[in-house]
Each structure stands twice: as structure tokens, then as C-alpha cells.
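A structural walkthrough
The lines below spell out each chain.
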Amino acid sequence: MPQHAYKYSAAKLLRHGLTRGTWPRMWRQPEFKDTYDVVIIGGGLHGLATAYYLATEHGITNVAVLDKGYLGGGGSGRNTAIVRSNYLTPEGVAFYDRSLHLYNTMADDLNLNVMFSRRGHLTLAHTDSALRTMHWRAEVNKLQGIDSSVIDPSDVKKEAPSLDVSPNTRYPILGALFHPPGGTVRHDAVVWGYARAADHHGVHLHQQTEVLDILCEGGTGPEGKGPGGKVTGVRTSRGDISAPIVVNCTAGWASLISNMAGVPLPITTHPLQAAVTEPTKVFLPTVVVSGSLHVYVSQTDRGELVFGASVDPVGTYRVNGTLEFTEELAGHVLELMPGISKMRLMRQWSGLCDMTPDYSPVMGFTPVEGYLVDVGWGTYGFKAGPVSGETMARTIATGKTDEMIAPFNLSRFTEGDLVGEKGAAAVGH
Amino acid sequence: MSSHRLPPQPGEVIDRSTVINFTWNGQPVIGLAGDTIASALAAQGVDVFSRSMKYHRHRGIMTADHWDPNLSLQVDDEPNVRAGTRLLAEGMQVSTQNVWPSLQHDVGVLNKAVGRFLSAGFYYKTFMKPKFLWDNVYQSVLRKFAPGGRVHWKTSTHGAYDKRYAHPDVLVAGGGPAGMAAALGAAQAGASVLLVEMAPELGGHLCWGNDAERAALDKLTTAVIAEANIEVMTRSTVTGRYDHNWVAVMQGDHPLAPERLVKARVGSLVVAPGLIERPLIFSGNDIPGVMLSGAARRLINLWAVKPGQRAVVLTANAEGDAAVKDLQAAGVEVVEVVDVRTGAMVASAVGKSRLQKVVLEDGRTIEADLLVTATGWTAPTSLLNMAGNRPVYDPQAARYFPENLPEEILTSGGIAGNGSTDELIAHGSATGVLAANRSLRLRHSRRAATARSRSPEGPAPEALTDTRTPLRREAHPECYRASTHGFVDYAEDVSSKDLIQAAGEGFDSIELMKRYTTVTMGPAQGKLETVNAAAVLAESRGMDLADIGTTVWRPPFAPISLGALAGRIFEPVRRSALQDWHEAHGATALLAGQWVRPDHYGDAVAEAQNVRNGVGIIDVTPLGKIDLQGPDVAKLLELVYVNRWESLKVGRVRYGAMVAEDGVVSDDGVTGRLSENHWLMTTTSSGAGAVWEMLEDWLQTGHPEWQVHVTPVTGGLTSINVAGPHSRQLLERLVSNVDLSSDAFPYFSVRQGTVADVPDCVIWRIGFTGELSFEVHVPSGHALAVWEALLAEGQDLGCAPFGVEAQRILRLEKGHYIVGQDTDGLSKAPTAGLGGLVKLDKTDTIGLPELRAAYQREDLPILVAVQPDDPTVLPEEAAQIVDGQTATILGRVTSSRHSPTLGRSICLAQVAPQLAAPGTVITVLMADGRRIPATVQEHHAHLDHQGARQRV
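The rules behind these values
Residues numbered from 1 in each chain as written. Chains lettered and ligands numbered in written order. Predicted model: local features only at pLDDT ≥ 70, side-chain atom pairs only at ≥ 80, totals over all residues. Helix = DSSP H or I, 4+ residues; strand = E, 2+ residues; numbered from the N terminus. Buried ≥ 20, exposed ≤ 12 C-beta atoms within 10 Å, placed from the backbone. Contact = placed C-beta atoms within 7 Å. Rg over C-alpha atoms; globule rule 2.2 N^0.38 Å. Domains from an automatic or database assignment. Nonpolar A, V, L, I, M, F, W, Y, C, P; charged D, E, K, R; others polar. Pairing = 2+ DSSP bridges. Axes fitted to C-alpha atoms, helices over the stretch in contact; angles between N-to-C directions. pLDDT = per-residue confidence, 0-100.

Considering the overall build of chain B
Looking only at helices and strands, one finds 22 helices and 49 strands in chain B. Counting only C-alpha atoms, chain B reaches 110 × 80 × 55 Å along its principal axes. Every one of the 952 residues in chain B was classed for burial, and the buried ones make up 54%. In chain B, once contacts between residues fewer than 6 apart in sequence are set aside, the share between residues at least 24 apart is 67%.

A word on the overall build of chain A
Secondary structure summary: chain A contains 12 helices and 19 strands in total. A compact globule built from 429 residues should have a C-alpha radius of gyration of about 22 Å, and chain A, at 22 Å, falls within 12% of that. Each principal axis of the C-alpha distribution contributes one length, and for chain A these read about 65 × 65 × 45 Å. Taken across its 429 residues, chain A has 64% of its residues classed as buried. Counting only contacts in chain A whose residues sit at least 6 apart along the sequence, the fraction spanning at least 24 positions is 75%.

Overview of the domain arrangement of chain B
All names here are of chain B. By domain assignment, chain B separates into domain 1 (15-106 + 279-374), domain 2 (162-275 + 382-449), domain 3 (480-564), domain 4 (606-811) and domain 5 (861-943). Taking only C-alpha atoms into account, the centre of domain 1 sits 29 Å from that of domain 2. Listed as interface residues are 7 residues of domain 1 and, on the opposing side, 5 residues of domain 2. Residue composition of the side of domain 1 that touches domain 2, grouped by class: 2 nonpolar, 3 polar and 2 charged.

Section: the domain arrangement of chain A
Residues and elements named next belong to chain A. Domain assignment breaks chain A into domain 1 (30-81 + 188-267 + 358-425) and domain 2 (121-180 + 269-355). Placing a centre on the C-alpha atoms of domain 1 and another on those of domain 2 gives a separation of 31 Å. Counting residues at the interface gives 15 residues for domain 1 and 14 residues for domain 2. Here the residues of the side of domain 1 that touches domain 2 sort into 5 nonpolar, 9 polar and 1 charged.

Considering the interface of chain A and chain B
Across the contact, 82 residues belong to chain A and 84 residues belong to chain B. Residue assignment for the side of chain A that touches chain B shows that the elements contributing at least two residues are α1 (10-19), α4 (106-110), α5 (128-143), α7 (187-200), α9 (323-336), β17 (344-355) and α12 (422-425) of chain A. Counting residues per element, the side of chain A that touches chain B draws most heavily on α9 of chain A, at 8 residues. In terms of residue class, the side of chain A that touches chain B is made up of 34 nonpolar, 26 polar and 22 charged. Bridge analysis of β17 of chain A against strand β30 (residues 560-561) of chain B gives 2 bridges, and the strand direction is antiparallel. The partner of Leu345 of chain A across the bridge, within β30 of chain B, is Ile560 of chain B.

Re the sheet that holds strand β10 (residues 193-196) of chain B
Residues and elements named next belong to chain B. Taken in spatial order, the 5 strands make up an open sheet running β11-β10-β9-β15-β27, and their pairing is parallel. The open sheet has two edge strands, β11 (230-233) and β27 (409-411), and neither has a second partner. Between one strand axis and the next, the sheet turns by 20° as a mean value, whatever way the strands run. As judged from the 4 bridges shared by strand β9 (residues 170-173) and strand β15 (residues 268-271), these two strands associate in the parallel manner. Bridge pairing in β15 places Val170 opposite Ser268. Where helix α4 (residues 177-188) meets the sheet, its contacts fall on β9, β10, β11 and β15, and the angle it forms with β10 comes to roughly 175°. Sitting on the sheet, helix α9 (residues 421-449) is in contact with β9, β15 and β27, with an inclination near 160° to β15.

Some details on the environment of Thr901 of chain B
Residue and element names in this part refer to chain B. Tracing the chain through its elements places Thr901 in the loop between β46 (889-899) and β47 (904-911). As for Thr901 and Leu810, which are separated by 91 residues in sequence, their C-alpha atoms are 9.0 Å apart. Those residues in contact with Thr901 that sit more than four places away from it in its chain are Arg612, Glu813 and Leu943.

What about helix α6 (residues 293-301) of chain B?
Residue and element names in this part refer to chain B. Of all 9 residues in α6, 9 are buried, a share of seventy percent or more. Turning to α6, its buried residues are Ser293, Gly294, Ala295, Ala296, Arg297, Arg298, Leu299, Ile300 and Asn301. In the core, the buried residues of α6 are packed alongside α1 (37-43), β16 (276-277), β17 (290-292), α7 (318-329) and β23 (370-374).

Considerations on the confidence of the model for chain B
Confidence along chain B averages 93 in pLDDT terms, with 99% of residues attaining 70 or more. Scored as a complex, the prediction yields pTM 0.92 and ipTM 0.93.

Considerations on the confidence of the model for chain A
Averaged over every residue, the pLDDT of chain A is 92; residues scoring 70 or more account for 96%. Note on residues 422-429 of chain A: pLDDT is under 50 here. Beyond four places in sequence and across chains, it has 28 contacts.

Now the structure itself:
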């Protein structure tokens, strides 16, 4: 945090309370310049984190983050805010463990309480085969120093007493993978934290600024776009910006934005639905996930149960939500916790997920010089936000693909080298 | 507590002869039949119903309806009951939710003292350090302040709820005068109508109106009840409108189900929910005794409850004026009428557990225990929002109006404009006629377009043009905030000052403001709060309200219980036609995905040995079975399997494996060609549904020109595997029209024939157990007869059933891998050892590009058979294979059993390629920490790798 920044603290809260003084803006309303060193499209978690690490770790501060709506209005504010690192592959574990670490220290790093709640994460097994997979994950995790183990139904009951662990249910709980470091984070606060800190370091955040085109020259496609060309800037609803580096962090809209640079992506956009109940007194201490029932649930500090599911099978940009989703969700949740049938669903919504064929992201350089992507995060972009920003910033600053994200290069789709974190990531949350 | 019950009122809905006993915070109290919980308590003199979420302020009746933010109470084991609409019932235990230790002495009120420090988003700005205090202390304190009632999760009503489908031509949301008239208009025009009203009675505002309004209501009610085409649901809510007028109704008046979800495919949806009265923002606007005009009028007219003694009425409209009359008639002293239309205004209210005085803008202070406000309306446009419509603000009328509605949605009543009772009824009626016309035309066109449906009766009705006289937009002053600050969101304790602070901090769009301050995030989801919040934002930014926009209203319109949404879930456990027999004969049940299966009949090892030495039969019905017919089946198989199919001859079966687009093995099974254009495909048990969907997906989207008919027949055919050296001898006794000899019916062949007098059975000769074996697919209705015949005829051969566990032992001895156990979400074809099967020179197969790349790689793990050097040591499945004493992972054991045939432990394992050579000694890390040596075998099969036993 630079010297001029306004630091939050209990003392400040006290002073403002006593003087009834106004709080300063969390971020400025910057002037719209026509030239930046780096333009980041998408003012969500990934875009803002990239900007923040560019400014703080690499001293690159002449950066603009553009968003067609408001900060964090996409997946960053629509996800169910679960974090964990008990993945299956060593690469996955290393990546997400770094992210979890960054979340752990984020409140202090960003001087904003992101309410990281390290409450433990249970992945339930309802079948022999699921239990076998849990054992596998636990063994891999243990060897990599991740706190993760398989527990039996009576211990599941201790962690989450409202779960019905009796053997006579439709989907009996045979055990669970327990991951104590997993938990939840206040997702909006993460967005604001990165936005505020990036702003303090000089980054310009432009909301209500829609990118209409990516400007290129020298490429093999029309208007100089496409492979072999290079980026010169972007055209926005507020005017043109010239910039040698343009980064696409637009999740559900990633493929449409990428087409503007003549770089088609193997990405389809699917809605992921979620819902929340009315608040009650807190009774569910952990995050509970059931892969086979396509449901995950946690209870916020405000007492609402937050539910998520798997992506809708049909691709669309609409976020209306369906009745069937709430019916199936409620049915499955009640199979797990029959005692909460009188709780009421208060709101349903959905977000857009950018799905790739191998359930892994696309990160780094593209065939168009200066045009980079951090997309394809599908259903788990929130967990990966901090480490994605860190590695993308490093890649931009050094001009070299960071080792951690090398497997996620775009060329893998043409060179037959898909990553396949499906076994771990597609399980959900 | 003194009684505040008034003498009988002309429109009252209470039954004075029926007393209802209940308890309030443990104390016995009485009410009357027809009372809501809130009206009964108010009649007993209760002022304070709850404490607010953050500051624990005293809160009383505000709106006396479903949206009342202060009337969420605990009733028995049910949290967050809306006391403003829930009817009182005998024996209810009603209590406040957000207090400790009691409503009168609530410790949380300390927050009020420090309230100035708890401004919007305060928790984001503190508790960052030290971290251990956040982890261990602050967080749990914050959680203690969670609002809401208590879930009694030890009691369950899961499964007590019901669902229903409905197909009304017209659904009317809202049973006020316009809605009732719309229902009548539509029904008389020949449409079937479902009329849904949230309150216990039809009538809307007529219920608490004057004599003329009640007379109009009587007339409407009589007509609605007499109309056979109208079904009425009261205490019910239209909770959502989804694509193509798929409408969810939460029915609350069903005699048996506590709540019932009615799913309606609706021709025309008439949205007539009336208007929601909006509170005014001023200091003290949440003190008990400050209430909206609708609340005061309902208390007096419906439940005969006197809302106070000395009243100030703040009025900007006719409803406020009517409230003055009602109050006076009820004997309340109206000490001041503050008429906004003349420029007068309230500045603030003062009081703690009850209003004491009202301060006016002109500086006067008036003692009063009741302040009734009538300052405007919010149009509940949620259902229109869900149809993609964004309402538009009209500053003259000081409210939002829908615009550009789709054909299948119409509005009437207050949401559409103002009118006298007669005008509302006329507009409603015309709306109903129009809705019926559009719906009947739609029905006609659908029937005409669908070849197999009933032919439409006669010609399509002529399309009516919309000739309705629009309802007026009455001018109304824009009243959002007085000169002082007050609460915008009562449920969340968010004040106008919080909103202005948030806007100043940069949260200056309505969505950001909502997320930062939590305004509109409570149970009413903005019904009372959204417009006031937008008005404060407009004020702080110096913008017009019309340019601010609102947050998006999403389903459900009103919260809906999880139990009702779930209903009785239709996910039955699948049972083969033989499962009853298995259970009657001592089988231990194994839940395997959707199916329940016999794990063993007492001794799995003996069962396995019986197969090796004699003959056994196993029920393998869950095996996915898909019937494929048509001239292009072979093309489809070439596409989905990695191997070749065009050349397969009639009467032959072949093993096939599928990979996904990333080259990962996704399913496998045997497929046979029964005749030129008729094939039977089998899949893994767990993959049956996914493979079927995948085939349909490709046929419908990738190759619609192919002629293939796909029929899943998994349950229709019961599959019995007859395995063991004596299997042919046994089957020959039961099969009459198929030559089972090895020459006539070689390995990997298929025949159709009669088994135990059951014709049309499919028999194929394959082997998963490694023994001579035949798989018989029997039409399920006859499965038990065939099964019992096999046992009876095989008695002398020692024929006995075997279960899943014996089969697992047998297949592991034989080295057959199981997709999903020995492979996983990362295992590409080379890992599974599909080398010889995969044809990389094919023109099109799903995943082919990835497969070509995969076969160039040398770093993929390899599936191998492994035997621990100590034959008595049995590694756990999922045990890791590591590099010596290090933590480096080089693979894992995927399957592991003790082999009765070999008398030792045997495994399949995925290992790094450098360990795959036969004879390599690897290190297995056991769960108890031991590291044990094991040796990689030459073949997957631990016995009979040449297949001599199954080819006899």
C-alpha cells in the first residue's frame, strides 16, 4: 500500500464513527486516457488481480481495466465463493494451494477484510467408487502436504450435524473427503480489495466502458487481425485506446471478445445456476459438496444457505434460471439434510461459465502478438483468481510464459496436448 | 395486556365465536379464527414484534402483510414465518427470533450504542489484524448476529409435500378487483382459468374498503365462485415466470399438503398483483406505531383491531385520506393530518418501544402513539422482469410502469394504472377477454401444427385487437425521503445515510450499492426497499430516478420452502427383475449408482471358485443396453468407438472403447450385430445414460442425415451371465434352437434364440470372468423363469448364483480393467492399454486428434498388473506408488483383491512409464505408512493370459 493510500483499521472506524466524517472513495473515477501500456478487458476478479500484481510486483502502473458494466458484475459476484486446494494432479494442487495461500493473507495484503472463513470442506461419497476416488485424492494430497483425509459417516456427522448419515437414505453418505483448510471468502470484497489496491497503485478502472473491437495490424485475417499480427489497442464505447498489450479476462464473453482479435477460442458459454435461502441461525459450520448429487452448500455469516450446482447442459448467454434447477436442487439438498425442508429459497440467479473441452483454462500468449488471454475458467475461476492474476502479471512483465501456466497454453488444442483436470475440477466445488 | 379489539366491523374476517389459544414468547394468549398471527397479537396490545438485525431496535407492525419486514417470527419448528399473513392456528408456539435473552431485555441492543461505528460495510474495514483473532473470535461473533429463526433440523417434513401440473389457458396472478374481473372475462370467453391470490381471501383492497367497495366485492366473489371455468387458489403465490409461460405457483390452501408446487404451462399470463405501499424515509420511521396506511386500514377493517389512540396521518393520496376516515370511525383520535399535497411533511418520529411524538417540518411537535403514512406505491413488476421486461419510471405518477410486454403477458389493475372500482373491473374484464383470445388462438395453432395431437375444433378464433381503455396514471407527489435520514431496508438495518456513504465510497451504481450495503438483500428482496434505495442513490448523484435503473428481480416472487420445491423426489432406486429373488436368497445389497445389486450371497470367495470349477450365474442387468436400428448404425459406431465397425459381420460381437474429446477413456462395452440393420450395444452400468445422450446428441446435431433409431433397453432386457466350464452343458439343456457348440457359436459371436421356452433372447458368447461364458439377455417379464430354470437344470452341475464381489475377483484375476476404477478422468487411451484397438487412420472418431497426439507421448502412465512380493500383503485400492523412500508419486493401485485361484494378492495399477516394464519392482505406500515391494507382471491377466479357458 503506497503512502498516500487511505488505510482502513479499527482506529479509523472509531474516528469516523466519532466525527461522522465521510470515507474516501475506494477507487477514483480516473480520466479516460487514449494510451496505456496494458489494457485489461474485464473488471472482474481475474482482470483486477492481474492489474494489481502488474502494479505491485512489477511496477507496471500505466494500466487500464475496462468493464462494460460495473466491477465484479460477472462471475466474480455470482459464484458461491468456495476455495480449496485438494485437487488431484500435482500441478493442480500446486496451483490452487498458491491461490489458497494468497486468499489466506489477502485481508492484510489488501487492507480490506475479505472474510476468509477457513471452515473446512467436505466432499461426500455416496458410492463405493466415489469413496475410492476420495481415498485417491486424500493419498495424493497427503503426499503433497495438503491437509486432506477420508472420514467415516460418524465423523462427517461431527463436522456437519445436520447431515443425515443414516444408511437408509436414497443416497447414503458412505464417507467424505475432509479438507480443513477449505472454506469461503466474501467474493465481492475480493473484487473491491483488488480494485482499491490497484487504484491506489495508479491503475485506471473504467466502468461502463464497453470494448467494441480489438485493433490489430499485420495479421493474416481481415483488418490485420489474426495470427501473425499484433495488437495496437482497443475501440471502446468511450473512444479508442492504443496499447501494445491487451488482456482478455472476460469469462463468459471470452470467445466473443477473442474473435475481435481474430483468435477463435475453443470455448462454449454455459450458465451455472445458484440460489440462496432466507437467513436462519447458523447451523452448518462447513462447506458441503456432493458431486454425485450435483450440489454444494455453505451457510454465510448472515445465516443464508448458498447453493450451487453443475453447469446447465445447453450453451446460452441468458442468465434467467430455471424452475427445474430449484426443484432438483431442493430435492438433493433435502436428501442430505431432511431437517431443513421448512427453510425457504429466497433468490436464484446464474452466471456464465466459459467451458473448454478439457475443463482447464486458456492462459498466456496467443498467435497475435500483444494479445493475451486468461479465460476458460469455467466453474472454478474464483478459487484460482489470485494465482491467475499473479502468474498472468508475471507473464506480461517478463514476456515469458510463467511455468505454472505453461500447460494452459492455447496451442494445446491444435497440438493435441489437452490438460485434463477434469477428474479434479469437474467435480465442482 | 389490554384488548385492542374493536366492536364488530362490517368487513371483518374474524369469527368472534371461535377462540384460538396459542403462546407468545411462552405466555398463553388468545386470538380469534380468521386472525393472522400479527392481528391476534396486535389485538392483545403487543407493540413490539421483533428486534432489528444489526442495532436490535424495537420493531412493530409496518405493513401487516407478507412483506412486513418486522413480522418474521418463529412458529413451532418453522423459522421466518410471515405473521402478517399466516393464519392463526390452535396451539401455535410463536416467538421472536432475533433476541437474547428476551424481547424486552435484548443484549444485542448494545449494538445500538455503538451503531455510529457500524456504518455500511464496516466489517470490510476492520478485523484484518491480527489474523488469529479474525479466525477464532471476530468471525464467530459476527455469525452470532445472523438474523432469522432457528432451523429444527432434527425434525423433518421432507417428502410430505406434493406437486401438480396444470395447463390453464389463462393464469391470473392477483385476486383483486381487476384480477377477479380478468378471470371472469377470460372464463366467459371460453378459457380455463387459474386465479391465484396471496391473501386468505379474494378481493385485494376491496376487502378493507368502504360499503360500496365491499358490495362490489360480494358481486365479484359470487360470480367467480359460480364460474365453472375458474379454479381459485388463495394463500397462494405465483413465484416465478419462466420461458414460454412456464409458471410456478406455490399453493398454500391445499387441505393435505403443507405447500404444493403447481407447475403450469399457461397460454396467457395476466399479471394483476396490485401495488405495494412504500414507506417514507425519515428519522424514526421504524419505531413501533409508525405504519403504512394499508396496515392501519387492514387492522381496523379486517381484524377489528384498534392500531393506536392518538394518530398523525401523513397522506399524499386517497388511500391516506381513507385511512383518516377509518381511524376516526374506529375511535382513534386523529390529531393531525399532514397533507403532502399541500406542502406539509413529517420530519421525524420519536419513541423507543412505541411512538411518542412526531416532529413536523414546520417545527411543531405532536404527541401521538400512531403515525400512519401514505406516501406512494411500488409496482411489483417481478413477474414481468422475469419475462425480460424492464419497467420504466414515470415521475408524474411517482412509480414504475411496465412497457412493451410480450403477447402472452398482460397486465391489469394497479400495476397498469389507477381507476375507480368500476374502471378497474372493466379493464380487468377486457384484459381477461383479450387473454382468452390470445390463449385460445395459441392452443389452436399448436394443435394444428402438431400432427399427432387432436385436430383443432373449427377455425382459429379471430384475433382481437387491444381496444382496452388504458387505466389513468394519477399524478402523485414524489415522496421518498423527508429532510431527515431513516431506514431504507428495515430487515437489513440499512439507512439512507449508509447508502449515501456507500455512493461516496464509489459504490455508486445500484448493483454495487446493493452488494456493499446489503440493501434489498433481505427476505422481501426489495419489494419495499428497491425504489427508495434507487431514489437515495439518485439524490446523492444528482440524477433523475428514471436514469438510475433498479436491481433485477429474480425468482421466486416470494420465498418458497425447500420441501415444496423438492416434493417427493422421483429418483427411485433401480431394481432388476431378479432383485427380489436375490434378496429372498440371502443376497447382501450393494448400492451401485442408480441400481441396487447383490454384492454376494454369503461367501463371495466360494462363489468365485464355483465359477472357476463348475458353473455360476450372475445378474448383470445394470449393464447399459442400447438397441440400435437403421442402415447407418455402423457409421455411428465408427464415430463413437476408437476401433472399426463397418466390417463386423452379422452374428458377431466386438469389444469397443470410447474416448471423450480430450482422449480420455469414457466408456466401453460389447456391441453385437444381430442382423444387417439391427445392433445391440452395451455400456458400463454407470455410463448407460450418458452414452445414450451422447448418441442422441451426435445424431441430432452432428449427423442428422444418418438413419439410426436409438432405444435404451437397459431395464427391458434382464441380463444373465452364465459362466464356468459347465456353462455350455447347462445352456444346452435350456436352449432349443441355437447350436451352442464351439464351431457353430465361436467366441465373440451372437445368436438369437429361445431360452427356457422364452423366445427372442439374445445370447452372446463373451467372457468377463475369464471362463467359458454366455450372456443371455431375456425380456424382463420372463427373467425370473429363465433364472430359476438355470438353477433347476444346473443343480447336478453345481450351478449357483454369484454376486458383484465374486465377479470383481474373477475379472481382476483375468486382468480386465473397469472404466472409472482402473482408469479415471485423466486416463487417455494409451494408459488403458488400448494400443491395438485404436485405429488412428480412421477418418472421424470422437477424440481422434487427441489420440494421435497421445500415442506420440512417452510420459503417460501405463496400466499394469502388479503382485506384491509378499503374497499375503493386500494393498488398499488408491494406495500410492512412490519413488523409494521419497514422497514422489509414480502411480497408484487401482484394483486390489486376494485371488482364491492363485492364493495370493493381485492388483492392477497405473504406473509411470519407466516402471511399466515386466519385472520392475515398485514401492507401494500402504495406508499405515509401510512401504512394500511389488513386481510388475508381463500381462494384465494374472492367470490364463492366452484365454484358453474361455475359448473352449
